[in-house]
Every structure is written in C-alpha cells, then in structure tokens.
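# Structural overview for review
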Amino acid sequence: MFEVRPEEGLVLPCGAGTLAFGMGERDAQWAVATLCDVREAWVCGLEWSFGAVYEGLELLVGGERGGGLNTVYLERVGPPLGPAAVPVVLDGVDVCGYPQDEVQEALAGGPSYRSLRLWRSHLPDAYLHSVQLSSIRGRSA
C-alpha cells in the first residue's frame, strides 16, 4: 500500500520507507529500488528525477539539489477502468481503488491540501488517473 501524506511525502509499500520531502536523490532512489527497478527520467523544472513502475502504477520522483525531493507523481500505466492493483491511501480512503466519483464523495468535508492534486479521468465511471504531491516550500509563489 502507498500512503499519501500531503505535508510529508509518500510512504512506500512493503516497508520500503518513505519518500519524504527534502530527502536527497540517492536516498529516494534507494528506497524505491527496494521495490522495483529505477530508471532515469527528465522533467522540466526539476534538477533531478527518476521513475519506476510498481504493480501497474508509474512513480515519478524529482527535486532540486539544494532543497531535495519536492515532487512525487503516481500515475496508472493503463486506462483507469478498474481499481489499481495496489492501494493508494489518503486519509483512510483508497483513492485508486474506487470509482472517482465515490472517492470525491468520501473525501468531501475532509482537509484541503494545497500540496495534493488528484487527477480525474475523462472516461465515465473511471477511477482516478493520477495523484500528484508537491512540497509547498519547494514551489514558487
């Protein structure tokens, strides 16, 4: 299970650790590498980034040399027509395990996180397409 912690980062499955905002590239790669193969990636606006695929979810991680990790994306590899193979939990709700309208209803009335974006699919009755976390201190105003 991935656990989304908007103010902290992303807890990885199987006890692999946490991708914590501010951590260095090497430590972030090491944590992800205990789950799956890590590959280089390039993302505009980030000084370093890498990607990996775990159980049908693509993980993209990046940051800045001086400020450390500040961006984490989890995105489905295929169309979001069913639940993800691994839970992605935010405030006790598996945001990739239920249709996107049900997830929106379950999260309604809960905290609003400036550092979190849940990307909906354009397909009817679909599941969420991706989850984006960013460090508030790492973003420019």
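Before going into details, it helps to say that this report is about the structure given with it. All values derive from a computational prediction rather than experimental measurement. (Residues numbered from 1 in each chain as written. Predicted model: local features only at pLDDT ≥ 70, side-chain atom pairs only at ≥ 80, totals over all residues. Heavy atoms only, no water.)

### Describing unusual backbone geometry
Definition in use: Numbered from the N terminus, helices here are DSSP runs of H or I no shorter than four residues, and strands are runs of E no shorter than two.
The backbone phi angle of cysteine 14 is positive, close to 60°, even though this residue is not glycine. For cysteine 14, the location among the structural elements is in the loop between strand 2 (9-11) and strand 3 (18-20). Despite not being glycine, glutamate 55 has its phi angle at roughly 50°, a positive value. If you trace the backbone, glutamate 55 turns up in the loop between strand 5 (48-54) and strand 6 (57-64).

### Let's talk about the nonpolar core
Rule in force here: Take the buried Ala, Val, Leu, Ile, Met, Phe, Trp, Tyr and Cys residues and link them wherever side-chain atoms come within 4.5 Å; each set so joined is a nonpolar core. Partly exposed describes any residue whose relative accessible area lies between the buried limit of under 20% and the exposed limit of over 50%, with all areas from a 1.4 Å probe on protein chains only and scaled to the type maximum. Should any heavy atoms of two residues lie within 4.5 Å, those residues are considered in contact.
If you look at the biggest cluster of nonpolar residues, it comprises 34 residues, and the most contacted ones within it are Leu10 and Leu19. With four residues, the single largest contributor to this core is strand 5. When neighbours within four sequence positions are excluded, leucine 19 is seen to be in contact with Glu8, Gly9, Leu10, Leu12, Ala28, Ala31, Val32, Leu59, Val61 and Leu69.

### A word on helix 1 (residues 25-33)
Counted only if it meets this: The arc refers to the directions leading from the helix axis to the C-beta atoms.
Burial in helix 1 covers these residues: Ala28, Ala31 and Val32. The buried residues of helix 1 occupy one face: seen down the axis, they fall within an arc of 95°. Opposite the buried face of helix 1, at more than 90 degrees from it, the exposed residues are Arg26 and Trp30. Considering only its buried residues, helix 1 is in contact with strand 3, strand 4 (38-40), strand 5, strand 6 and strand 7 (68-76).

### Things to note about the packing of aromatic side chains
Two descriptors summarise a pair of aromatic rings, namely the distance from one centre to the other and the angle between the planes of the rings. Test applied: The rule is short: rings of Phe, Tyr and Trp, with Trp giving its six-membered ring, pair when the centres are within 6.5 Å, and they are stacked under 30 degrees, edge-to-face over 60, tilted in between.
Using the criterion set out here, one finds two aromatic pairs in the structure. Relative to phenylalanine 50, the ring of tryptophan 48 lies with its centre 6.2 Å away and its plane at 10°, an arrangement referred to as stacked. With a relative accessible area of 4%, tryptophan 48 lands in the buried category.

### Section: the sheet that holds strand 1 (residues 2-5)
The condition is simple: Only when DSSP finds a minimum of two bridges between them are two strands counted as paired.
Pairing in this open sheet of five strands is mixed, and the strands run 3-2-1-8-9 from one edge to the other. The sheet is open, and its two edges are formed by strand 3 and strand 9 (93-94), each paired on a single side. In this sheet, strand 8 (residues 88-90) lies alongside strand 1 in parallel orientation, the contact comprising two bridges. Among the inter-strand pairings, phenylalanine 2 is bridged to a residue of strand 8, identified as valine 88.

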